Structures are given as C-alpha cells and as structure tokens.
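# Examination of the molecular architecture
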Amino acid sequence: MVVALYVFLLVPVLIYLVFSVIEIWLTLKISVRKHSRSLLFIQASTEITHTILVFAYAQFMIAFSPLLMEIGAQLWWPIALLSVSILLRGSLYLLMFYREHSRRFEYWVLLATYLAGVVALVWFLAILVPAIVTRQFVPDTTNMPIVLAVGGPALAIIIVPLVAVYRRAFTLLRK
Amino acid sequence: MDSLDAARQLIGHTLAVHIVIVALSIGLPVLMSIFEWRAWRKNDDKMRATVKLLARWAAVFVVGGIFTGTVVALQLSTLWAPYLNEVRPNVGIFFQLEGYMFLVEAVFLSWYFATMHKVGTRKHFWIGIPVSIGTMGSAFFITTVNAYMNNPAAPITLTTWLEFTHSLFSYIFATVMLFLGYVAWRSLRKQTKPMQAFLNFKMGKLGIYAAVLLVVLALLGHQSAVNLATTQPHKLAAIEILDKTQSNAPLRIGGDINEQGVAEGGIVLPGVLSALVGYNDETVVKGLNEYPSYQWPDLIVHTLFDLKMMLIGLVSLVVLLVVVFIWRKKQLPKWLRVGLIPLGLTGFVLVELGWFITEFGRQTWTVVGKQTTASALTQGADIKGSLIIFIVMFTVLALSTLFALAYTTRHWRATEKLSW
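Computed from a prediction, not measured in an experiment: that's the story for all the values here. (Residues numbered from 1 in each chain as written. Chains lettered and ligands numbered in written order. Predicted model: local features only at pLDDT ≥ 70, side-chain atom pairs only at ≥ 80, totals over all residues.)

## Things to note about the overall build of chain B
Selection criterion: Helical segments are the DSSP runs of H or I of at least four residues, strand segments are the runs of E of at least two, and each set is numbered from the N terminus. Think of it as a crowd count around each C-beta: if 20 or more other C-beta atoms lie within 10 Å the residue is buried, if 12 or fewer it is exposed, and in between it is partly exposed, with C-beta placed from the backbone throughout. Once C-beta atoms are placed from the backbone, any two residues with those atoms within 7 Å are in contact.
The helix and strand tally for chain B stands at 13 helices and six strands. Along the longest, intermediate and shortest principal axes, the C-alpha atoms of chain B span 65 × 50 × 35 Å. Considering chain B as a whole, with its 420 residues, one finds that 50% of them fall into the buried category. Restricting the contact set of chain B to residue pairs at least 6 apart, pairs at least 24 apart contribute 75%.

## Some words on the domain arrangement of chain B
Residues and elements named next belong to chain B. Filter applied, for reference: Residue ranges labeled as domains rest on an automatic or database domain assignment.
Along its sequence, chain B is organised into domain 1 (1–152 + 369–420) and domain 2 (180–367). Taking only C-alpha atoms, the centre of domain 1 and the centre of domain 2 are 24 Å apart. Counting from both sides, the interface comprises 20 residues of domain 1 and, opposite them, 18 residues of domain 2. Elements with a contribution of two residues or more to the side of domain 1 that touches domain 2: α1 (3–42), α3 (81–114), α4 (121–150), β6 (371–372) and α12 (373–376). Among the elements that line the side of domain 1 that touches domain 2, the one with the most residues is α1, at four residues.

## A closer look at the nonpolar core
Nonpolar side chains in soluble globular proteins generally cluster together in the buried interior. This is how the line gets drawn: As used here, a nonpolar core is made of buried Ala, Val, Leu, Ile, Met, Phe, Trp, Tyr and Cys residues. They are joined through C-beta atoms within 7 Å.
Membership of the largest hydrophobic core comes to 161 residues, with the highest contact counts inside it found for Met-61 of chain A together with Ala-23, Leu-54, Ala-58, Val-176 and Leu-180 of chain B. With 21 residues, α3 of chain B is the single largest residue contributor to this core. Those residues in contact with Ala-23 of chain B, other than ones at most four positions away along the chain, are Tyr-171, Ala-174, Thr-175, Phe-348 and Val-351 of chain B. In terms of nonpolar packing, the next biggest core, distinct from the first, is built from 18 residues, Ala-237, Ala-249, Ala-263 and Phe-305 of chain B among them.

## As for the domain arrangement of chain A
Often the size quoted for an interface is simply the accessible area lost on bringing the parts together. Residues and elements named next belong to chain A. Rules: Three classes are used, and their members are as follows: Ala, Val, Leu, Ile, Met, Phe, Trp, Tyr, Cys and Pro are nonpolar, Asp, Glu, Lys and Arg are charged, and the others, Gly among them, are polar.
As assigned here, chain A comprises domain 1 (1–63 + 145–175) and domain 2 (65–96 + 114–135). A total of four residues in the side of domain 1 that touches domain 2 trace back to one element, the largest contributor, which is helix α1 (residues 2–32). In the side of domain 1 that touches domain 2, the residues fall into three nonpolar, three polar and one charged.

## Regarding the interface of chain A and chain B
Each side of the interface is counted separately: chain A has 47 residues, and chain B has 53 residues. Taken together, the elements giving at least two residues each to the side of chain A that touches chain B come down to α2 (36–63), α3 (65–97) and α5 (144–174) of chain A. Top contributing element to the side of chain A that touches chain B by residue count: α3 of chain A, with 21 residues. Here the side of chain A that touches chain B is composed, by residue class, of 34 nonpolar, nine polar and four charged.

## Remarks on unusual backbone geometry
Residues and elements named next belong to chain B. Here the bond from Gln-363 into Thr-364 is cis, since omega is 15 degrees, no more than 30 degrees from zero. By secondary structure assignment, the location of Thr-364 is in the loop between α11 (346–362) and β5 (365–367). Backbone geometry at Asn-248 places phi at a positive 55 degrees, although glycine is not the residue there. Its place among the elements puts Asn-248 in the loop between α7 (233–239) and β1 (251–253). Located in the positive-phi region is Tyr-279, a residue other than glycine, with phi close to 60 degrees. On the secondary structure map, Tyr-279 appears in the loop between α8 (272–278) and α9 (300–327). A tally of 9 C-beta atoms within 10 Å means that Tyr-279 is categorised as exposed.

## Some remarks on α9 of chain B
Residues and elements named next belong to chain B. Using the following cut-off: Each helix should span, by expectation, one fewer than its residue count multiplied by 1.5 Å.
With 28 residues, α9 extends 40 Å from end C-alpha to end C-alpha; this agrees with the ideal 40 Å at 1.5 Å per step. Considered for burial, the residues of α9 that qualify are Val-301, His-302, Phe-305, Lys-308, Val-319, Val-322 and Ile-326. If you follow the buried residues of α9, they end up packed against α6 (193–231), α7, α10 (334–343) and α11. Among the residues trailing α9, Lys-329 stands out with phi positive, at a value near 55 degrees.

## A word on the packing of α4 of chain B against helix α5 (residues 158–187) of chain B
All names here are of chain B. Counted only if it meets this: Working convention: axes come from line fits to C-alpha atoms, limited for helices to the stretch in contact. Angles between N-to-C directions cover 0 to 180 degrees. The scheme is simple: roughly parallel for angles under 35 degrees, roughly antiparallel for over 145, roughly perpendicular for 65 to 115, oblique for anything else. Left-handed describes a crossing in which the near helix is turned anticlockwise from the far one by less than a right angle; the clockwise case is right-handed.
Look at α4 against α5: their axes get within 8 Å of each other, and the N-to-C directions meet at 130 degrees. Looking at the two axes, α4 sits oblique to α5. Of the two possible hands of crossing, α4 and α5 adopt the one that is right-handed. Across the interface between the two elements, Met-136, Ala-139, Phe-140, Thr-143, Thr-144, Asn-146, Ala-147 and Asn-150 of α4 pack against Thr-159, Thr-160, Glu-163, Phe-164, Ser-167 and Leu-168 of α5. Among the residues forming the contact of α4 with α5, the class breakdown is six nonpolar, seven polar and one charged.

What follows is the structure, given as structure tokens:
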C-alpha cells in the first residue's frame, strides 16, 4: 500500500510538472515575443493542472501528517513562497485573460510566479526528502483501499472531459 | 501578536476570502443549471444568454477558488499539522475524497466552457450537472470534517447533515440574492419594454427562489440550535449569553455579561430559549457557569448572532415585498429595486457571519473536548511578517476578481447585444 500511495502522489505531481514546464516555456515565449496562442493554451489548461496538484497535496497532507507535525514549521517558508506565487498567478490570470491586451511586464511577472513556484518546490523537497529518509518515515496508508476504490470510477468519469480539455488546449496552441 | 494569534489570523483571513468564492462556486452552477434547463425546455434565447453570463462569472470565481483553496491546504499542512493528525483517523478520508470532487468540478467546468458554443442546449445542460455534483460533493466532505470538529462523537452525525444542508442552502441563497441585486441594478437603466418585462420576470423568479430558501434556512437554523443545545452547549450559551443553567431560559437580544459573570441589559424574552430548543419553557438549558471562564468562547459571537438575525429580518422583509408584487402581477417599484442592490451582498455577509459564529463559538477548542486551538498549532511555527504579505495578496486577488467580473460582464453585453 505504501508503494501504491507513492504512485498515487507522484503520478499527479508528474503530470503537474509536465504541464507546468509547458506553461513556463509558453510564458517565456510570450514574454520574449508576443505569442497570443500560448496564452490561450495556459488559459485552457491552468485550472485543471492546478487542481491535479491540489488533489495530490490532499492525499499527501493526510498520509504524512505525523511527519508534518515535526517538520511543518521548517516547511512554512517554502510553502509561504509557493502560496504567494500561486495567489499572484491567480490575480494575473484574472487580469490578463479578461483583457484585450496585456502589458509585457505582466508576462514577466507571470513567468516569475512560475519560477518562484519551482524554487519553492525544490526547497520543499530539500526539507521533506531527507526527513523521510533519516526518520525512515512510513506514511499512513489506512485510507488507501477506499481512495483507490473510488479512484477507478472517478477516473472513468473524468477521463473523457479531461482529454477533451487538454486536446483543446493543444489545438488552440497549434491554430 | 504571538505565533498562535498570527497563525489564527492568517487561516481566518484565508478562509474568509475562500468561503465567498466557494459560495459562488456552488451557487452559480446551480443557477446555471436551472436557467439552462428552462432555456432547453422553452427554447428561450434570453435564458440562454443569462446562462452565458453566469458561466462567465463562474469561470472567474473558480479561478479564485482553486488558488485560495490550494493556499488553505498548504497552510493546514504546515501550520496546523497536529490538527490534521488529530482528525486523520476519523475524518482524514474526507480530505482525501474531496480531492476527487475538485477534479470532477474543475474538469467538467472546463469542458462546460469549452463546449459552450459547440453543442446543443440539452447536451450542454447535462455537462453542467457534474459541475454541481463536484462542488456540492467537495462541500459535503469538507463540511463533514468541520462538523466532526464541532461534534466528534462519530465521523458522521446529525451535526454533519445539519451543517452541510444549512451551509449549502445559504451559499445558494447568497448567489440568488447577488444575482437579484444585479438584475435590479440593470433594470434601473433605460430598457426596452420587452426587456423590462423580462427583467421583472427574472426578479420575480429569483425573489421566489430566495423566499423558498429563506424558509428552508429558517427551519434548518432552528434545528441546528436544537442540536447545539446537546452537542455544543457552551457555544449556545455564548451565542445567547446565558449566564447560568436554568429552565425557563430567556432569549436575550443585545446585552452583555458583566465582570461577575452575570448577563445584563438588552431585551429579555423569558422562557423563549427553552421553548425554542426543547419546545417547552421548562426545558433546562446549560449556561456559561458550567464552564471555567478560560474555556468560554469570545462573547462577540452574541453580537454577531444578533447582527445576523437583524439582517435576516431585513432581507426576509424585502424578499416578501418582492413576492407580494410579483404575486399581484405588478412591476417592482423603483424604490424596491434600488433597495435590492445593496441587499444583493447580504447573503455573503450572512455566510461570513454564520462561519464566524461557528468558528469563534467553538473556541477554545479546535476539536471539541479533544484538541485545543493552542495544541493544534505546529510546534515552532512562526509566520512572522508574512501575515501582512498575505493580506496584500488577498486584496490584489479581490481587486483582480472585481476587474475580471466587470470586464467579462461588459464583454458579454457587447457579444449578446444586450442592455442589461
């Protein structure tokens, strides 16, 4: 079950990272030269990409809560950085995607929020991973049978729209 | 300010912002489905246009909801890890299952927007239904956790169902009132006769929804008070500033508790509290004297509750007037429509007041009888100066949201060639 839990955490995180890298690359592209199609991709994908991260984090914070009691205070600063970058990204998303024309510096700030997120994630892992290894921490998997059992039907329900939304995002990019 | 106060303020501010967005994320899809159903069944283009406006608003709020929701989870895991560890064995699963509901909501909402102009109204209506299931599902799971904090007798209790239904209907009510306020505002502008008739019809419908919801909320609110008397008597005693355990317990509007711990002042209605919670004025209601004063919640909950009741009275009166005018098939007079504009926001004030009373009233506990708020804070957690940064960020997010709403509404008006 521990392996199942780690797979359950890492797969969404990996998906998040892949789409974040794409979004970072596209934001850089818009910042350097105006490329509005990139913005359309981000607009279509960001909500779901972030939700996938929230999903993984909800699993993490319950399964790892005994460990978080010990290292939570140390994790606060990378988490604070991540939170501020997320809130700023949300604000920019609303400002940029609901206006005809955005200013160049706004794209740079958007890019900065992504990069701050990457820094926060690396900082977070630099504290978390050694703590797991040195304490030989085993996460709580009590709820995993239920989480896995619900996962099948849930995936079946969302897979069609999920693929449709990302396919649309890539179509917007190619147009 | 010590570390505990700072951490409490931070999570308090975050949740206060998040809850408004949550209310709209639940209420807007419900209204969208109701209007889209009507558009489908009656082939009504004006309703179809209304759905598009609400969908645009929902898109704005869902963005805010995802980002503020992430920040809530991040704070809980670092600053409040002992709390998560306390609730994990009994209700931790609900946090985990809530993740699925987020996915259902976000994925179907994105699909809903993507298919807005590409599929027929009927198919589009059905794509919108899982959005409501997702939003209500996540509300159920997270409210279950909160209900457990209030009444940890079992993972799911009567408190769960009362809290869930009461909050769910209050979110929908807040959204209905907001939209009613918006329609009333636009109806004051110069409109063509058919459009004015349509807006009047819409205000009537919304007024009826609001009236029905008010009745349901009143019944649920009363049942919650009855439940509170047995599951959280200290909270009820603080809300009603009942100083000592007694039968024939009074309901006090206004007033305060003096330094000797005796309630004084205000309007006192003898026996009414006993009659309300036990349907008999001989019912014994526990007072604050049963608890040491350091375990009392902040008695500001009494003032907040009085304020909430006053606002409910005012809103009920106005909604009743709307229903009377509609019933008599008359157009709403200008003064009533002007009054509806500020009242459009009262639903959210009521939602905030309700949650303030729930959360402040539970103090000094985080999980009643099991974990105090002081022991729920992660050891060594100190957010130092970051509180002010977060407050600035929430302000920026709120302003961006208002900007996006104004812009998208103007854009909708231009696209649909409408004047409201």
